[in-house]
Amino acid sequence: MTGLLCATAIGQASAAGELVVIVSAKNPVTALRQEQVADIFLGQVASFPGGGEAVALDQGIGSPERDEFYSKVASKTRPLVKAYWTKMIFTGRGQPPREVGNAASVRKMVADNPALIGYIDKNALDASVKAVLVIH
């Protein structure tokens, strides 16, 4: 029985989807580089390459998607992200992205507002948003 449970757990782990960075289908941006996304989410840049306003949305602290996103896009662990924003807030240089409860909420908010950018599991994509970066 443990072999079956182990095989099931491995199957579930490998079935986990890829993360994608999304913008509204109404947004003219078609692709972003990893560095551009990191700059937006770390408050270094407040606009898309074409000049439109860019406002980042984060998933909740402790969510696996958020941890994976910052690890792969900005090379930061959860404690490093917290330390980064503590410093930015203390020095008056920025505020962290707004937190949204889950991927469905991120997708809906991004779809409704071309200025927003977020990240969700690739399996949660629909026609209301478009992927501008696939996170490997």
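Residues numbered from 1 in each chain as written. Predicted model: local features only at pLDDT ≥ 70, side-chain atom pairs only at ≥ 80, totals over all residues. Heavy atoms only, no water.

Student: Any chance you could explain the sheet that holds strand β2 (residues 55-59) here in plain terms?
Tutor: Each strand in a sheet pairs with its neighbour through backbone hydrogen bonds, running either in the same direction (parallel) or in the opposite one (antiparallel). In space, the five strands of this open sheet follow the order β3-β2-β4-β1-β5, with mixed pairing throughout. Two strands lie at the open edges of the sheet, namely β3 (98-100) and β5 (129-135), each paired on one side alone. Averaged over all neighbouring strand pairs, the angle between strand axes comes to 35°, with direction disregarded. Note that β2 and β3 share three bridges and pair parallel. (Pairing = 2+ DSSP bridges. Helix = DSSP H or I, 4+ residues; strand = E, 2+ residues; numbered from the N terminus. Axes fitted to C-alpha atoms, helices over the stretch in contact; angles between N-to-C directions.)

Student: Looking at this structure, how should I read the packing of aromatic side chains?
Tutor: When we look at a pair of aromatic rings, we describe it by the centre distance and by the angle of the planes. Going through the model one piece at a time under the given rule, you end up with five aromatic pairs. Joined through ring pairs, the aromatic side chains of F41, F69, Y70 and Y119 make up one cluster. (Phe/Tyr/Trp six-rings, centres within 6.5 Å; stacked < 30°, edge-to-face > 60°.)

Student: Just checking my understanding: could you explain the confidence of the model for the protein chain for this structure?
Tutor: Note that predicted coordinates carrying low pLDDT should not be read in detail. With 88% of its residues at a pLDDT of at least 70, the protein chain reaches an overall mean of 89. This stretch, residues 1-15, has a pLDDT under 50; its non-local contacts, to residues over four places away or in other chains, come to zero contacts. (pLDDT = per-residue confidence, 0-100. Contact = heavy atoms within 4.5 Å.)

Student: I tried to follow the nonpolar core on my own but got confused; where do I start?
Tutor: Nonpolar side chains tend to gather and get buried jointly when the protein is soluble and globular. Judged by nonpolar contacts, the single largest core of 26 residues is most densely connected at F69 and I117. Those elements that provide at least two residues to this core are β1 (19-24), α2 (34-41), α3 (64-73), α4 (78-90), β4 (116-121) and β5. Beyond its immediate sequence surroundings of up to four residues, I117 is in contact with V21, I22, V23, L32, I40, F41, F48, V55, A56, L57 and V110. V110, A111, I120 and V129 belong to the second-largest nonpolar core, a separate cluster that totals 12 residues. (Core = buried A, V, L, I, M, F, W, Y, C linked by side-chain atoms within 4.5 Å. Buried < 20%, exposed > 50% of the residue type's maximum accessible area, 1.4 Å probe, protein only.)

Student: Would you mind going over the pattern of salt bridges with me for this structure?
Tutor: Any two side chains of opposite charge can pair, given that their charged atoms come close. The tally for this structure, following the rule as stated, stands at eight salt bridges. Here R66 makes a salt bridge to E99, at a shortest N to O gap of 3.5 Å. Of the two residues, R66 sits in helix α3 while E99 sits in strand β3, which places them 33 residues apart along the sequence. Across the pair K72 and E68 runs a salt bridge whose closest N-O atoms are separated by 3.0 Å. (Salt bridge = Lys/Arg side-chain N within 4 Å of Asp/Glu carboxyl O.)

Student: I'm lost on α2 in this one. Help?
Tutor: The α-helix winds at 3.6 residues per turn, so residues separated by three or four positions along the chain end up facing the same way. All of the buried residues in α2 are V37, A38, I40 and F41. Along α2, the residues classed as buried sweep out an arc of 160° about the axis, all on the same side. Buried residues belonging to α2 abut β1, β2, α3, α4, β4 and β5. A positive phi of about 70° marks G43, the residue just after α2. (Arc of directions from axis to C-beta.)

Student: Just checking my understanding: could you explain unusual backbone geometry for this structure?
Tutor: If a residue is not glycine, its phi is most likely negative; likewise, a peptide bond is most likely trans. Of note, S75 is a non-glycine position whose phi angle comes to about 55°, a positive value. With relative accessibility at 60%, the residue S75 sits in the exposed group.

Student: Please clarify how helix α5 (residues 103-112) should be interpreted in this entry.
Tutor: Three or more residues of α5 are buried, namely A103, V106, V110 and A111. Viewed along the axis of α5, the buried residues span an arc of 125°, placing them on a single side of the element. Counted as exposed and oriented over 90 degrees from the buried face of α5: K108 and D112. In this fold, the buried residues of α5 make contact with β1, β2, β3, β4 and β5.

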